[in-house]
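# Descriptive structure summary
Letter by letter, the chains look like this.
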Amino acid sequence: MTAPELVLTSSEMRQADRATIENGIPGIELMRRAGRAVADSAEKLAAPGDRIIVAAGPGQNGGDGFIAAALLFDRGYQVSLGLLGTPDRLAGDAAEAAKGWYGKVERVEDLSFHGADLIIDALFGTGLARDLEGAARLAVERMNASGRPILAVDLPSGIDGDSGAVRGVAVKATRTVTFAVRKPCHLLMPGRAYCGPVEVADIGIGGDTLEAKGGTLFANHATLWTHALPRPGLSSHKYERGHTLVASGGATRTGAARLAARAALRIGSGLVTVASPPEALGVNAAHLTAIMLRGCDGPEGLNTMLQDQRFNSLVLGPALGIHAGTRAMVAVAVHARRSLVLDADALTSFEGLATELHGAFRHAPSVLTPHDGEFNRLFKGHPDLVDPASKIERVRRAAAYTGAVVVLKGADTVIAAPDGRAAINENGTPYLATAGSGDTLCGLIAGLMAQGVPAFEAACAGVWIHAEAGASFGPGLIAEDLAELVPGVLRDLLR
Ligand SMILES: NC(=O)C1=CN([C@@H]2O[C@H](COP(=O)(O)OP(=O)(O)OC[C@H]3O[C@@H](n4cnc5c(N)ncnc54)[C@H](OP(=O)(O)O)[C@@H]3O)[C@@H](O)[C@H]2O)[C@@H](O)CC1
Ligand SMILES: [K+]
């Protein structure tokens, strides 16, 4: 089975580099391999004899640029190189690499990018330390304005390696070649949109070293969770496949719960029941067939229902209303220690009251699925949770704070567990931004947990399957379609 794809932060990557060097591969050799990978990648974007301009920065990213420039010259390209700063400021391996470039070292300010068939952006990589200003900013602006293809070395200069944020301005790359593993900025927005296709070059940093220095952050692909997906056997009984309970809103707010319930059933929950306020029983009954229906009056009603241990997974939140009654239902669910997915109104009802959720979910598998607005409302007044620039850091901290798996939804949904594991999703589609889409996601996650899938794997799988279903439909997608597309996605996964 293919291993999950590790993603390393800048500091983890530095540690992996260092360990590799300590194990006997000199830093300059790693840089030569990186530079060769850049040259090989450049050849895919250039025709023989083309004019290639390398913009090199003052650090090791620039060193990679020097190596690539020399190799491409040897391979018959017309190569010019411009440096940001002066050659005497180059140090260590970058200074060593510069010695292999026998051409002229121009000032990056003097380069004319318009004449290039290909630009190689080797200004900054993982060592970017602040916003771009002055000559660095101007160089990036001029590269972008040239309209020529740009190959970014490691990452587009101006993008923060860990958060994917644009530090003032950033190179809009045609393609990016990175080393050993992808970094968070290759998956997180807006960085991802600046990279173009990302090529990962093997420069000889071992898998064991990468795992030892990273090992907790992943790209969210099937390789991360497919082992945990339920595969019912011939003798499986519906009661062994779990029973998901979804709480419905009042008479005019019942659709969200039914969307979640349908998704839970489609993902394989053996039984699904909608718990409906008495006044909404009629409207719910008119729309349900395979899904069961029970009257449930507020927190007390929920408490009574949960005396039945067969309800092993719950969805609370979609269209439930923002008020104390919803908070009380959450308290009942937490006390009952069932698998739990909280979304929408269940989260917003705790606006300004996040301290009530401190550690609340650590006793049972729980998943919170806020979008940015809900996340910020929920954790208002907790700067340690809402302020970090990196989305991964925010979600990890929220997971550690609450004891729940947290899914922060968006074009680059991040899922984090209280134990520090995190995954970045990248198969999302803009068509998923449609009413009821989030309700469907809750149902998928709860339906997986009903079947015994652990919370982190259920959340990661739910997010991926939801996105894959949406992408398979494309334009015109509405939330009702999503659950119906799940069987096709599952069929491919379980093949
Ligand atoms: N380690 C290895 O073995 C390998 C590493 N590899 C390569 O190394 C890269 C990381 O190298 P790195 O750590 O030298 O950082 P890098 O991105 O070149 O930038 C640092 C320089 O930029 C400067 N600077 C920063 N921000 C600035 C700003 N806003 N505006 C202006 N200046 C700014 C900063 O100066 P200072 O902050 O001190 O003023 C410093 O001089 C990595 O991405 C990969 O390409 C590969 O060769 C494989 C082997
Ligand atoms: K770069």
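Quick caveat: nothing in here was measured; it's all calculated off a predicted structure.

## Comments concerning the pairing of strand β2 (residues 78–83)
Counting buried positions along β2 yields 5 of 6 residues, so the element is predominantly enclosed. Pairing between strand β1 (residues 51–56) and β2: 6 bridges, direction parallel. Residue pairing across strands places I52 opposite V79, the latter belonging to β2. Handedness of the crossover joining β1 and β2 through helix α3 (residues 60–74) is recorded here as right-handed. The pairing of β2 with strand β3 (residues 105–107) spans 3 bridges and is parallel. Within β3, the residue paired with G82 across the bridge is E106. Taken together, β2, helix α4 (residues 92–98) and β3 form a β-α-β motif whose crossover is right-handed.

## Things to note about the sheet that holds strand β15 (residues 405–408)
Strand order in this open sheet of 10 strands is β8-β17-β16-β15-β14-β13-β12-β9-β10-β11, and the pairing throughout is mixed. Two strands in the sheet have a free side with no partner beyond their single neighbour: β8 (217–219) and β11 (292–295). Between one strand axis and the next, the sheet turns through 20° on average, direction left out of account. Pairing geometry for β8 and strand β17 (residues 422–424), over 3 bridges, is parallel. Paired with A219 across the two strands is I424, which belongs to β17. Lying on the sheet, helix α16 (residues 391–402) is in contact with β8, β14 (366–368), β15, β16 (414–416) and β17; it crosses β15 at an angle near 145°.

## Here we look at the site of ligand 1
Taken together, 25 residues are adjacent to ligand 1, and G59, Q60, N61, G125 and G127 come closest. Elements that contribute at least two residues to the shell around ligand 1 include exactly α2 (27–45) and α3. Per-element tally for the shell around ligand 1: the top contributor is α3, with 5 residues. Residue composition of the shell around ligand 1, grouped by class: 11 nonpolar, 10 polar and 4 charged.

## Considering the domain arrangement of the chain
By a frequent convention, interface size equals the accessible area lost on bringing the separate parts together. If you check the domain split of the chain, you get domain 1 (10–215) and domain 2 (222–494). Its C-alpha centre places domain 1 at a distance of 41 Å from the equivalent point of domain 2. Counting from both sides, the interface comprises 8 residues of domain 1 and, opposite them, 8 residues of domain 2. Taken together, the residues of the side of domain 1 that touches domain 2 break down into 5 nonpolar, 1 polar and 2 charged.

## Let's talk about the UniProt feature "domain: YjeF N-terminal" (unreviewed entry) in the chain
UniProt records the feature "domain: YjeF N-terminal" (unreviewed entry) for residues 13–211 in the present numbering. Its end C-alpha atoms 11 Å apart, residues 13–211 is made of 37% helix and 17% strand.

## Regarding the UniProt feature "binding site: K(+)" (unreviewed entry) in the chain
Mapped onto the present numbering, the UniProt feature "binding site: K(+)" (unreviewed entry) falls on N61, D121 and S157. What stands out for the annotated residues spanning 97 residues is how close their C-alpha atoms remain, the widest pair being 9.5 Å apart. Tracing the backbone shows D121 in strand β4 (residues 118–122). Of note, S157 is situated in the loop between β5 (150–153) and β6 (175–179). Taking the C-beta count within 10 Å as the criterion, S157 has 29 such neighbours and is therefore assigned buried. Discounting residues that sit within four places of it in the chain, S157 has contacts with G57, D121, L123, F124, V140, A170 and V171.

Scoring rules and cut-offs
- The residue count restarts for each chain, going from 1 along the sequence in the order it is written.
- Starting at A for chains and at 1 for ligands, labels are handed out in the order in which the entities are written.
- Given that the model is predicted, a residue must reach a pLDDT of at least 70 before its local features are reported, and side-chain atom pairs must reach 80 or more before they are shown or counted; all residues, however, enter totals for whole chains, interfaces and linings.
- With C-beta atoms placed from the backbone, a residue counts as buried when 20 or more other C-beta atoms lie within 10 Å of its own, as exposed when 12 or fewer do, and as partly exposed for counts between those limits.
- Numbering goes from the N terminus for both helices and strands, where a helix is a DSSP run of H or I of at least four residues and a strand is a run of E of at least two.
- Whether two strands pair depends on DSSP finding at least two bridges between them.
- Convention used here: a crossover is right-handed provided that the path from the first strand, over the helix, to the second strand proceeds clockwise when the strands point away from the viewer.
- Working convention: axes come from line fits to C-alpha atoms, limited for helices to the stretch in contact. Angles between N-to-C directions cover 0 to 180 degrees.
- Here the contact rule is simple: place C-beta atoms from the backbone, and any two residues whose C-beta atoms are within 7 Å are in contact.
- Working rule for contacts: place C-beta from the backbone, and if it is within 6 Å of a molecule or strand, that residue counts as near it.
- Classification used: nonpolar for Ala, Val, Leu, Ile, Met, Phe, Trp, Tyr, Cys and Pro, charged for Asp, Glu, Lys and Arg, polar for all others including Gly.
- An automatic or database domain assignment provides the domain bounds reported here.
- UniProt positions are given in the numbering used here, feature names are shortened, and annotations may be inferred rather than shown by experiment.

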